[in-house]
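Residue-level structure breakdown
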Amino acid sequence: MILTRRSLVIGGAALLAGCDRIAVIPEARAILFKGEDIHRGLQRALMDRDRLAPEFDPNQRSRVFRPNGTRNPGTPAYNALVEGQFADWRLQVGGLVTHPLSISLPQIRALPQRRQITRHDCVEGWSAIGGWTGPTLRTVLEAAGLRDAARFIVFTCADLYGGEPYYESIDLVDAFHPQTILAWALNDQPLPVMNGAPLRLRVERQLGYKHAKYLMRVDAVSSLAGVGLGKGGYWEDRVDYDWYAGI
Ligand SMILES: Nc1nc2c(c(=O)[nH]1)N[C@H]1C(S)=C(S)[C@@H](COP(=O)(O)O)O[C@H]1N2
Ligand SMILES: [Mo]
């Protein structure tokens, strides 16, 4: 299993130790201290990405969790899944993994579950607080076994925009963040269609558009170059949304 944050922090510490030993002449010291600031800043930024998003009490939940973007994929294939109460739905987990998986909803629910009440922040300027339940993405990725070359996780959805599925991607720091889950329940009820049934991503340290709804595929990739138009997400590729939407 690769945890790039850890190896980067260790790498940063090693760099600092190396700098101390060569700091003999004043000019070098000045440069060293600048370098040290940069390394400290980098280390802080990397550590910071593990910070937990705030969690809330049940009575703070929004009465209605407003939907945004697709409210119903409405394709024949999706309608058939809804009709069958998602009995025929499977999450495909593939790409750079040692054990590609095809997971049913009962199997998703049988994994160890995490529950969290968090605030969703949409880039369009609204927020909502909801309670989410599901396995961590980590649990699923560990079951599939990431290959060493994996660097990003790509999500492909059931809803189409101009004939193309919505897609998003995150790096492994977010993929392994403890609050990054594949949620099948909102406020203890199976996800409503408008909020992404049967399964959606919750990546709580990122803005709303990263939280892919209507999940069909999860793929590990080494680079985003071959994903969509290369910027890693439907809106990143088409409007000026940042790929890294950390909050
Ligand atoms: N598949 C898919 N996922 C999506 C979207 C979408 O249109 N399709 N919209 C995104 C945006 S912009 C937001 S703010 C949230 C909205 O989630 P909600 O509908 O549960 O409020 O879903 C995100 N995930
Ligand atoms: Mo959004």
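Residues numbered from 1 in each chain as written. Chains lettered and ligands numbered in written order. Predicted model: local features only at pLDDT ≥ 70, side-chain atom pairs only at ≥ 80, totals over all residues. Heavy atoms only, no water.

**Let's talk about the sheet that holds strand E4 (residues 127-134)**
- Across the sheet, which stays open at both edges, the four strands sit in the order E3-E4-E8-E9 with antiparallel pairing between neighbours. The sheet is open, and its two borders are formed by strand E3 (114-121) and strand E9 (189-190), each paired with just one other strand.
- Across eight bridges, E3 lies against E4 in antiparallel orientation. Paired with Arg 114 across the strands is Gly 134, a residue of E4. (Pairing = 2+ DSSP bridges. Helix = DSSP H or I, 4+ residues; strand = E, 2+ residues; numbered from the N terminus.)

**Some words on the site of ligand 1**
- Residues in contact with ligand 1 amount to 22 residues; listed here are only the nearest, Arg 66, Asp 159, Tyr 161, Arg 200 and Lys 213.
- Between an oxygen atom of ligand 1 and a side-chain N or O atom of Asn 195, the distance comes to 2.9 Å.
- Here an oxygen atom of ligand 1 and a side-chain polar atom of Lys 213 are 2.6 Å apart.
- In isolation ligand 1 has 530 Å² of accessible area, and contact with the protein removes 99% of it.
- For the shell around ligand 1, the element with the highest residue contribution is strand E5 (residues 152-161), accounting for three residues.
- For the shell around ligand 1, a count of residues per class yields 11 nonpolar, seven polar and four charged. (Near = heavy atom within 4 Å. Polar contact = N/O pair within 3.5 Å; in protein donor to acceptor, adjacent residues only side chain to side chain. Areas by Shrake-Rupley, 256 points an atom, 1.4 Å probe, with all protein chains shown as cover. Nonpolar A, V, L, I, M, F, W, Y, C, P; charged D, E, K, R; others polar.)

**Observations regarding the confidence of the model for the protein**
- Looking at the protein, pLDDT values average 88 and 81% of them are 70 or higher.
- Here residues 1-24 is a poorly scored stretch, pLDDT under 50, and it has 28 contacts once near neighbours within four places are set aside; other chains count. (pLDDT = per-residue confidence, 0-100. Contact = heavy atoms within 4.5 Å.)

**Description of the nonpolar core**
- Of all hydrophobic cores here, the largest spans 57 residues; its most connected members are Leu 91, Leu 137, Leu 146, Ile 153, Phe 155 and Leu 215.
- Looking at this core, the element that brings in the most residues is E5, giving seven residues.
- Dropping the residues within four chain positions of it, Leu 215 is found in contact with Trp 89, Leu 91, Phe 155, Thr 156, Cys 157, Leu 182, Leu 199, Arg 200 and Leu 201. (Core = buried A, V, L, I, M, F, W, Y, C linked by side-chain atoms within 4.5 Å. Buried < 20%, exposed > 50% of the residue type's maximum accessible area, 1.4 Å probe, protein only.)

**Observations regarding the environment of Asp 219**
- Examined against the element boundaries, Asp 219 turns out to sit in strand E11 (residues 215-221).
- A relative accessible area of 13% places Asp 219 in the buried class.
- Taking C-alpha positions, Asp 219 is 8.1 Å from Gln 92, a pair spaced 127 residues apart along the chain.
- Excluding its chain neighbours within four sequence positions, the residues that come into contact with Asp 219 are Gly 94, Gly 95, Phe 152, Ile 153 and Val 154.
- There is a polar contact of 3.3 Å between the side chain of Asp 219 and the backbone nitrogen of Gly 95.

**Here's the deal with unusual backbone geometry**
- In this model, Ala 197 is joined to Pro 198 through a cis peptide bond whose omega is 0 degrees.
- In the Ramachandran plot, Asn 187 falls in the positive-phi region, its phi being about 50 degrees despite a non-glycine side chain.

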